Amino acid sequence: MRHVIALDVGGTGMKAALVGVEGTLLHEARRPTGRERGPDAVVESILAFAAELRAYGEEHLGESAVAAGVAVPGIVDAENGVAAYAANLGWREVPMRKLLSERLRGVPVALGHDVRTGGLAEGRIGAGKGADRFLFVPLGTGIAGAIGIDGRVEPGAHGFAGEIGHIVVRPGGIACPCGQRGCLERLASASAVTLAWAEASGDPDADAADCAKAVESGDRRAIAVWHNAVDALADGLVTALTLLDPRMLIIGGGLAEAGETLFVPLRAAVEERVTFQKLPEIVPAALGDTAGCLGAGLLAWDLVATTTDPGSGTGSAPAPSSGADSDSDSDSSEVTA
């Protein structure tokens, strides 16, 4: 059965699948990334995992994978197949495409940035299906973004497009590791809400999910923390929609799991701020923590389509099914821009 390998590497875990020509998820697997063992060990784990997936396909599906797609965090040079830098994995300038192709005995490999790859899946088969222009924003440990245009995701001239988390929304505010102060992700990410709520509640173990529950119960301290985060997020999103004019804003990551506790005030705050801009639809992401893996499968099938028919566009590749179960720990929440 013809299939591709899809692999999504996160800060704490890796998700993988074998994806059939009709988009069927034929096999799924997960394992820890093992970043505590160092970057070289992480790279070897990725290569070994991919090789196991190839072997599984040969044994159970009757043939080798025709391509592989892998999504990784950090700074990614997708054109040259290099995982340039990832703070949470400790690697620099890893020739991931070359290493994977060699381990997979010459199978062509597509490399992508995990958030943009997740955005690709959300745009084609998830919440943004049918939208010609969208912005996917996962709210996790940090905040990143993927700019969707007609079935593809725009990487930018240097691979940095969509880094909405580093829009300065509070000049002179909290210091950010990027070197600026008052960045959006220091105020409205899940980790930022966790820190603010832990301080406000006096409970060092409290997190963003606890804050959302306290908001729902009417806790004034929680409401104040939540309001500050939503206000900052709305400021950042309005800046983004002013520049990009998306038809849809897709919000994912850990903070989006608060559901309408987030989306009701966020929609209202964005609407209050727009003047001449067209108000986009603001919706929750649909694919959960499977988005990166599904997107990696799309990259692989796109590669097959391009290789076999240079005239085919990215939209001609089969779309993996979104039928996999999703849990609450989105790997996009492991990525800081």
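Further up the page is the structure itself.
The structure displayed is predicted, hence computed values, not measured ones.

The rules behind each value
- Once a new chain begins, its residue numbering starts again from 1 and follows that chain's sequence as written.
- Where totals are concerned, whole chains, interfaces and linings use all residues; where local detail is concerned, this predicted model gives features only for residues with pLDDT of at least 70, and gives and counts side-chain atom pairs only at 80 or more.
- Only hydrogens and water are removed before side-chain values are computed, so all heavy atoms of the structure are retained for them.
- Going along the chain from the N terminus, every DSSP run of H or I of four or more residues is numbered as a helix, and every run of E of two or more is numbered as a strand.
- One less than the number of residues in a helix, times 1.5 Å, gives the span that helix is expected to have.
- Exposure classes here rest on a 1.4 Å probe applied to the protein chains alone. A residue is buried below 20% of its type maximum, exposed above 50%, and partly exposed in between.
- Only heavy atoms matter for contacts: two residues are in contact if any of them lie within 4.5 Å across the pair.
- Definitions used throughout: a 1 Å grid over protein atoms alone; a cavity as a set of points that fits a 1.4 Å probe which cannot get out; a pocket as an open set with protein on both sides within 12 Å along at least five of seven lines; a lining residue as one with an atom within 4 Å of a point.
- Grid points are joined across faces, edges and corners, and a volume is the space filled by probe spheres set on the points.
- Note that Gly is not counted as nonpolar here; it falls among the polar residues with everything else outside the nonpolar set of Ala, Val, Leu, Ile, Met, Phe, Trp, Tyr, Cys and Pro and the charged set of Asp, Glu, Lys and Arg.
- Pairing between strands requires that DSSP locate at least two bridges from one strand to the other.
- With axes taken as lines fitted to C-alpha atoms, and helix axes fitted only over the stretch in contact, angles between N-to-C directions fall between 0 and 180 degrees.
- An angle below 35 degrees is read as roughly parallel, one above 145 as roughly antiparallel, one from 65 to 115 as roughly perpendicular, and any other as oblique.
- Each crossing is labelled by how the near helix is turned from the far one, with a counterclockwise turn of less than a right angle marking it left-handed and a clockwise turn marking it right-handed.
- Only centres within 6.5 Å qualify two rings of Phe, Tyr or Trp (six-membered ring in Trp) as a pair; their planes then separate them into stacked at under 30 degrees, edge-to-face at over 60, and tilted for everything else.
- Ring-over charges, as used throughout, are those where CZ of Arg or NZ of Lys falls within 6 Å of the ring centre and within 35 degrees of the ring normal.
- What makes a nonpolar core is a set of buried Ala, Val, Leu, Ile, Met, Phe, Trp, Tyr and Cys residues whose side-chain atoms join them at distances within 4.5 Å.

A. Quick peek at the environment of L47. Assignment of secondary structure puts L47 in helix α1 (residues 39–60). Distance in space between the C-alpha atoms of L47 and L99 is 7.5 Å, their sequence separation being 52 residues.

B. Representation of helix α5 (residues 190–201). Between its terminal C-alpha atoms α5 stretches 16 Å, which fits the 16 Å expected from 12 residues at 1.5 Å a residue. All of the buried residues along α5 are A190, A192, V193, W197 and A198. Looking at the buried positions of α5, the neighbouring elements they touch are α4 (185–188), α6 (208–216) and α7 (220–244). Following α5 by one or two positions, G202 adopts a phi angle in the positive range, close to 75 degrees.

C. Molecular detail of helix α3 (residues 114–125). With 12 residues, α3 should reach 16 Å at 1.5 Å per residue; the first-to-last C-alpha distance of 16 Å fits that figure. When you tally the buried positions in α3, you get 12 out of 12 residues, the bulk of the element. Every buried residue of α3 is accounted for by D114, V115, R116, T117, G118, G119, L120, A121, E122, G123, R124 and I125.

D. Inspection of empty space enclosed by the protein at higher detail. Evaluated as defined, the whole model comprises 1 cavity of 30 Å³ or more. Taken together, I5, L7, A50, A68, G69, V70, L100 and L104 make up the full set of residues lining the largest cavity. Sorting the residues of the lining of the largest cavity by element identifies β1 (3–9) and β4 (68–72) as the ones contributing at least two each. Counting residues per element, the lining of the largest cavity draws most heavily on β4, at 3 residues. Split into classes, the residues belonging to the lining of the largest cavity amount to 7 nonpolar, 1 polar and no charged.

E. Quick peek at the pairing of strand β9 (residues 133–138). By the criterion of burial, β9 is predominantly enclosed, with 5 of the 6 residues buried. As paired elements, β9 and strand β10 (residues 146–149) share 4 bridges and run antiparallel to each other. Each bridged residue has a counterpart across the sheet, and for F136 the counterpart in β10 is A146. Note: β9 against strand β12 (residues 248–252), 5 bridges, orientation parallel. Residue pairing in the sheet places V137 in a bridge with I251 of β12.

F. Quick peek at the packing of α5 against α7. Packing of α5 against α7 brings their axes to within 10 Å, and their N-to-C directions diverge by 155 degrees. Taken together, the axes of α5 and α7 are roughly antiparallel relative to one another. By crossing handedness, the relation of α5 to α7 is classed as right-handed. Here V193, A196, W197, A200 and S201 of α5 come into contact with α7, specifically with R221, A222, V225, W226 and A229. Here the contact of α5 with α7 is built from residues that sort into 8 nonpolar, 1 polar and 1 charged.

G. Structural context of the packing of aromatic side chains. Tallied over the entire structure, the rule returns 0 aromatic pairs. In this arrangement the basic side chain of R31 is found over the ring face of F49, its NZ or CZ atom lying 4.2 Å from the centre.

H. Examining the nonpolar core more closely. W226, L237, I251, L266 and V270 are the most contacted members of the largest nonpolar core, which totals 44 residues. Among the secondary structure elements, those contributing two or more residues to this core are β9, β10, α5, α6, α7, β12 and α8 (260–273). In terms of residue count, the dominant contributor to this core is α7 (12 residues). Once residues lying within four places of it in the same chain are set aside, the contact partners of L237 are V137, I164, L249, I251, L266 and V270.

I. Up close: the layout of surface pockets. The calculated volume of the largest pocket comes to roughly 660 Å³. Looking at the lining of the largest pocket, the elements that each hand over two or more residues are β5 (75–77), β8 (109–113), α3, β11 (152–154) and α9 (291–308). Top contributing element to the lining of the largest pocket by residue count: β8, with 5 residues. Residues belonging to the lining of the largest pocket are distributed by class as follows: 11 nonpolar, 9 polar and 7 charged.

J. Summary view of the sheet that holds strand β3 (residues 25–32). What the 5 strands build is an open sheet, ordered β3-β2-β1-β4-β8; its pairing is mixed. Both edges of this open sheet fall to β3 and β8, since each of them pairs with a single strand only. The average angle at which neighbouring strand axes cross in this sheet is 15 degrees, direction not considered. Pairing between strand β2 (residues 13–20) and β3: 7 bridges, direction antiparallel. Its bridge partner being in β3, L18 is matched across the sheet by H27. Relative to the sheet, α3 contacts β1, β4 and β8, its axis offset from that of β8 by approximately 100 degrees.

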